[in-house]
Each structure stands twice: as C-alpha cells, then as structure tokens.
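# Descriptive structure summary
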Amino acid sequence: MDSYETLKALMEIPGPTGREERVMEWLRDRWEPRSERVWLSKVGNLLAHVGGGGPKLLIQGHADELSFTVKSIDAQGFLWLSSGQAPAGIPGKRFPVGQPALIVARGGSIDGLFAAVSGHILTPQQRERDKVDWDDVFVDIGASSRDEALALGAHVGASVIWNPPVRRLGTRIYGKAIDDRVALALMTNLLDGLDVAELTYDLYLVATVQEEIGRMGAFSLRADVDADLAIAIDNGLVGDIPTVAERNMPTVLGAGPTLVYKDAHAHYDIRLIDWLTDIAHAHDIPLQHAIYEHIGSDGSALIAQGIPTALLGPSTRYTHTAFEMIDERDVDASLRLLKAFVTASPVEIVH
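Described in the following lines is the structure provided in the data block. (Residues numbered from 1 in each chain as written. Predicted model: local features only at pLDDT ≥ 70, side-chain atom pairs only at ≥ 80, totals over all residues. Heavy atoms only, no water.)

In the structure shown here, the tally under the stated rule is eleven salt bridges. Where Glu65 meets Lys176, a salt bridge forms, and the shortest distance between an N and an O atom there is 3.1 Å. Of this pair, Glu65 sits in the loop between strand S3 (56-62) and strand S4 (68-73) while Lys176 is found in the loop between strand S11 (172-175) and helix H5 (178-192), placing the two residues 111 residues apart along the sequence. An identical accessibility class is assigned to Glu65 and Lys176; each is buried. In this structure, Glu65 engages Arg181 in a salt bridge whose closest nitrogen and oxygen atoms are separated by 2.7 Å. (Salt bridge = Lys/Arg side-chain N within 4 Å of Asp/Glu carboxyl O. Helix = DSSP H or I, 4+ residues; strand = E, 2+ residues; numbered from the N terminus. Buried < 20%, exposed > 50% of the residue type's maximum accessible area, 1.4 Å probe, protein only.)

Let us now look at a nonpolar patch on the surface. On the surface, Ile213, Met216 and Phe219 cluster together into a nonpolar patch covering about 250 Å² of accessible area. Its location among the elements puts Met216 in the loop between strand S12 (202-208) and strand S13 (229-233). (Patch = residues over 30% accessible without salt bridge, like charges linked within 9 Å, V, L, I, M, F, W, Y side chains within 5 Å. Areas by Shrake-Rupley, 256 points an atom, 1.4 Å probe, with all protein chains shown as cover.)

This part is about the packing of helix H1 (residues 3-11) against H5. Each pair of packed helices can be summarised by the angle the axes make with each other and by the distance between the axes. Where H1 contacts H5, the axes come no closer than 9 Å and their chain directions differ by 130 degrees. Comparing their axes, H5 and H1 come out oblique. Taken as a pair, H1 and H5 cross one another with a handedness that is right-handed. Listed contacts from H5 to Ser3, Thr6, Leu7, Leu10 and Met11 of H1 are Ile178, Arg181, Val182, Leu184, Ala185, Thr188 and Asn189. Here the residues of the contact of H1 with H5 are counted per class, giving seven nonpolar, four polar and one charged. (Axes fitted to C-alpha atoms, helices over the stretch in contact; angles between N-to-C directions. Parallel < 35°, antiparallel > 145°, perpendicular 65-115°, else oblique. Left-handed = near helix turned anticlockwise from the far one by under 90°. Contact = heavy atoms within 4.5 Å. Nonpolar A, V, L, I, M, F, W, Y, C, P; charged D, E, K, R; others polar.)

Moving on, we get to the sheet that holds strand S19 (residues 324-327). With mixed pairing, the five strands of this open sheet are ordered in space as S10-S11-S19-S18-S14. Two strands bound the open sheet, and with one partner strand each, they are strand S10 (167-169) and strand S14 (236-237). Those strands touched by H1 are S10, S11 and S19, and its axis lies near 5 degrees from that of S11. Packed onto the sheet, H5 meets S11, strand S18 (315-317) and S19 and runs at close to 30 degrees relative to S19. (Pairing = 2+ DSSP bridges.)

Of all hydrophobic cores here, the largest spans 68 residues; its most connected members are Leu27, Trp31, Leu57, Ile59, Leu205 and Phe341. Per-element accounting of this core gives the leading share, nine residues, to H5. Residues contacting Leu57, with those up to four places away along its chain left out, are Tyr201, Asp202, Leu203, Tyr204, Leu229, Ala230, Ile231, Phe341 and Val342. In terms of nonpolar packing, the next biggest core, distinct from the first, is built from 21 residues, Trp134, Val139, Ala149 and Ala154 among them. (Core = buried A, V, L, I, M, F, W, Y, C linked by side-chain atoms within 4.5 Å.)

Our next topic: H1. Where burial is concerned, most of H1 is hidden: seven out of the nine residues are buried. Residues of H1 that are buried make contact with helix H2 (21-31), S10, S11, H5, S19 and helix H8 (328-342). If you check the start of H1, you find a side-chain oxygen 3.2 Å away from the backbone N of Tyr4, and it comes from Asp2. (Polar contact = N/O pair within 3.5 Å; in protein donor to acceptor, adjacent residues only side chain to side chain.)

Here we take up H5. Taking 1.5 Å per residue, 15 residues should reach 21 Å; H5 reaches 20 Å between its end C-alpha atoms and fits that length. Most of H5 is tucked away: 14 of the 15 residues are buried. (Expected span 1.5 Å × (residues − 1).)

Judged by how many residues are buried, S13 sits mostly within the fold: five of five residues are covered. Burial of the side chains of S13 extends over both faces: Leu229, Ile231 and Ile233 are buried on one face and Ala230 and Ala232 on the other. Two elements, S3 and S13, share four bridges in a ladder whose sense is parallel. Pairing of Leu58 across the sheet is with Ala230, part of S13. Relative to strand S17 (residues 309-313), S13 is paired through four bridges, and the arrangement is parallel. What sits directly across from Ala230, in S17, is Thr309.

Attention now moves to the sheet that holds strand S9 (residues 159-162). Read around the barrel, six strands follow the order S4-S5-S8-S7-S6-S9 and close on themselves; strand pairing throughout is antiparallel. Each adjacent strand pair in this sheet contributes to an overall mean axis angle of 45 degrees, direction not counted. Relative to strand S5 (residues 79-83), S4 runs antiparallel, the two being bridged by five bridges. Note on S5: the bridge partner recorded for Phe68 is Ser83.

All right, on to the packing of aromatic side chains then. On inspection of all chains with the given rule, the structure shows six aromatic pairs. Centre to centre, the rings of Tyr201 and Phe341 are 5.2 Å apart; their planes meet at 10 degrees, and the pair counts as stacked. Here Tyr201 is found in the loop between H5 and S12, whereas its partner Phe341 is found in helix H8, with 140 residues between them in sequence. Classification of Tyr201 as buried rests on a relative accessible area of 0%. Accessibility expressed as a relative area gives 0% for Phe341, which makes it buried. What links up through ring pairs into an aromatic cluster is the set Phe68, Phe114 and Trp162. For the cation-ring pair, Arg168 lies above Tyr4, with the distance from its terminal atom to the ring centre recorded as 4.3 Å. (Phe/Tyr/Trp six-rings, centres within 6.5 Å; stacked < 30°, edge-to-face > 60°. Lys NZ or Arg CZ within 6 Å of the ring centre and 35° of its normal.)

Here is the structure:
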C-alpha cells in the first residue's frame with residue numbers, strides 16, 4: 001500500500017481515547033508477518049519487536065484520536081458532551097458543529113450529528129454571546145426520547161468522534177485523525193519496505209494509547225522495552241496559513257517533516273536531532289526545524305523515563321480539527337528519513 005492508502009485506511013478506523021482496540025487490531029494484522037514478536041501491554045499499547053542488531057531503538061506514535069465523551073442523555077434523546085482529552089477544550093475551539101459524528105459505545109457504533117441551535121431560533125441573549133461552551137453543543141442521533149437513545153445503544157461514558165470522509169486536494173489529504181494515524185502509517189510502511197538484515201538498530205515499533213488525555217500509554221513503556229533511544233512521531237505544526245506570522249511558526253506544508261527542539265513539556269535530545277539532520281542532508285531529504293510552545297507529545301513521557309528521544313513531526317495544517325491536512329510529499333519524506341536513519345551507522349548516544 002502507498003502512503004495515501006495506508007493513511008486513509010487508518011484514518012477511517014474509529015479509535016477514540018480509551019477505545020483504541022480497532023486500530024490495534026488493524027496494526028497487529030499488518031505488523032505480525034514482518035516482526036519477531038507482536039504483543040499488547042497491560043494498558044493496551046501495541047508493541048512489535050522487528051529485530052536487527054545494535055542499540056534498542058523505539059519508534060512510537062499514538063493510536064487514539066481526538067474525542068468527546070457522553071456525559072448525559074436528555075429526555076428528548078440528545079447526547080450532551082464533555083471533552084475526551086486534556087485539557088478540556090471548549091467546543092468552539094474544536095470546530096464540531098455540523099460535522100458527522102460517530103458514537104463508539106459498548107454494543108457498537110451509532111451515527112449522529114454534532115449540532116447546535118441555529119440562528120433563526122436563537123434568543124436575543126444567545127445572539128449576543130460570542131463563545132460556544134458545553135451547554136451549546138450536543139449530538140443528535142435521530143432519537144425522540146432518552147429510552148429510544150438508550151435502545152440505539154447510547155450510554156453515559158460512550159465516546160464520540162468526528163466522522164467525515166477522507167478526501168484529497170492534489171497531493172494533500174484531509175480529514176479526521178491524521179493526528180496521529182500518520183505515525184502509524186509511517187511505521188507500517190517502514191516495516192513493509194524494510195530488510196531486517198540492513199538494520200543497524202534493534203528495532204521496536206510501538207502504538208500507544210491515551211496520548212490525548214495526558215500521555216498515559218507512553219508513560220508505561222519503559223516497563224515493556226528497555227530502549228536506548230527513541231523517535232516519537234506526532235503531527236508537525238505549520239504556519240503557512242492566513243493570520244499566522246512566519247516569525248511565530250516558520251514551517252510550511254510540502255517542505256518536509258519537522259524536527260522539534262522543544263515543546264510545552266520537554267527539550268528533545270540534541271544529539272539525535274543533529275544526527276537526523278545530517279542524515280537528511282546526506283540523502284537530500286527536505287527537513288524543517290521548529291519549537292512548539294503550546295503542545296506536547298508522547299516524546300516527553302519517554303524522556304521522563306530516561307530514554308533519549310527525538311520528536312519528528314510530519315507537517316500538518318489545521319491540527320485538532322475534523323479537517324486536518326497533510327501533504328503526501330511530507331509523508332514520503334518522513335518515511336525516507338526513518339528508513340535512512342535505521343540503516344545508517346548508529347548515533348553515539350548510548351553510554
């Protein structure tokens with residue numbers, strides 16, 4: 001499968017925080033034939049020991065996607081929501097209204113619609129408000145009562161995700177859950193095209209759970225793999241859109257992935273960053289550099305466990321929305337960089 005087909009397949013799988021099992025099942029089917037061992041950890045992380053020799057290298061991405069959680073069902077059968085991730089973002093910053101919804105519940109999935117009162121019936125007081133909060137946005141699943149909603153399978157604690165189709169605009173792909181299915185697509189395609197005999201590291205791939213609620217899955221990884229170094233993969237921010245100043249975010253879509261020096265939680269390992277930069281230059285792979293002031297990643301959880309870590313961000317527009325956008329050229333450049341790294345002379349980082 002090419003980069004688009006792999007990413008599209010992963011984006012279409014429901015995987016809200018805490019309910020990542022369908023994503024893990026898909027990955028397990030793809031990873032097992034090419035790995036020495038694939039297993040689930042006690043908290044639900046999926047790990048693959050690919051093989052090879054040298055320092056133990058962990059390449060990691062998270063399996064969960066942005067989600068909401070049903071907190072109540074009213075008498076008319078509407079579902080009321082809370083954030084499914086941390087921090088608890090207000091819905092006006094999540095762009096949900098009008099998007100198709102998918103409720104992921106105990107007994108299966110239910111289609112729905114993120115909705116709010118439309119302009120024609122807003123009260124004068126509502127018209128004066130310029131912010132949307134959790135008392136304004138709800139999910140309509142076509143039920144007429146609480147009992148009918150329950151009969152359809154809705155319940156308090158069910159997860160809710162955006163559910164738009166994956167679309168293309170030229171070399172660009174957009175839809176939900178590029179954060180962080182692009183990492184899983186990269187690891188899958190890396191494994192598919194890899195000759196284990198060429199590895200210069202003892203390679204492990206890991207898909208973690210519950211990144212969006214506070215990096216929960218990543219904080220347990222040292223118990224499963226005593227890694228010498230790691231590359232965490234998460235979405236890379238870009239500033240090439242209106243209203244964003246280049247001085248604040250100099251990265252652009254289509255110019256290669258980003259190596260991150262620091263984010264809101266950690267400074268990343270400068271030795272790994274320099275080595276990845278040198279490899280990119282040697283192989284004529286486009287690459288960008290940035291700092292992220294307001295977001296974090298599982299990479300900081302790896303550092304907290306004593307694993308030297310680099311953060312690689314495939315460049316992405318409109319992050320944390322239902323219309324995240326990535327360029328195939330950046331996905332392909334990220335894959336080339338990973339393959340070049342795992343087959344190059346090991347970085348001197350292990351003491």
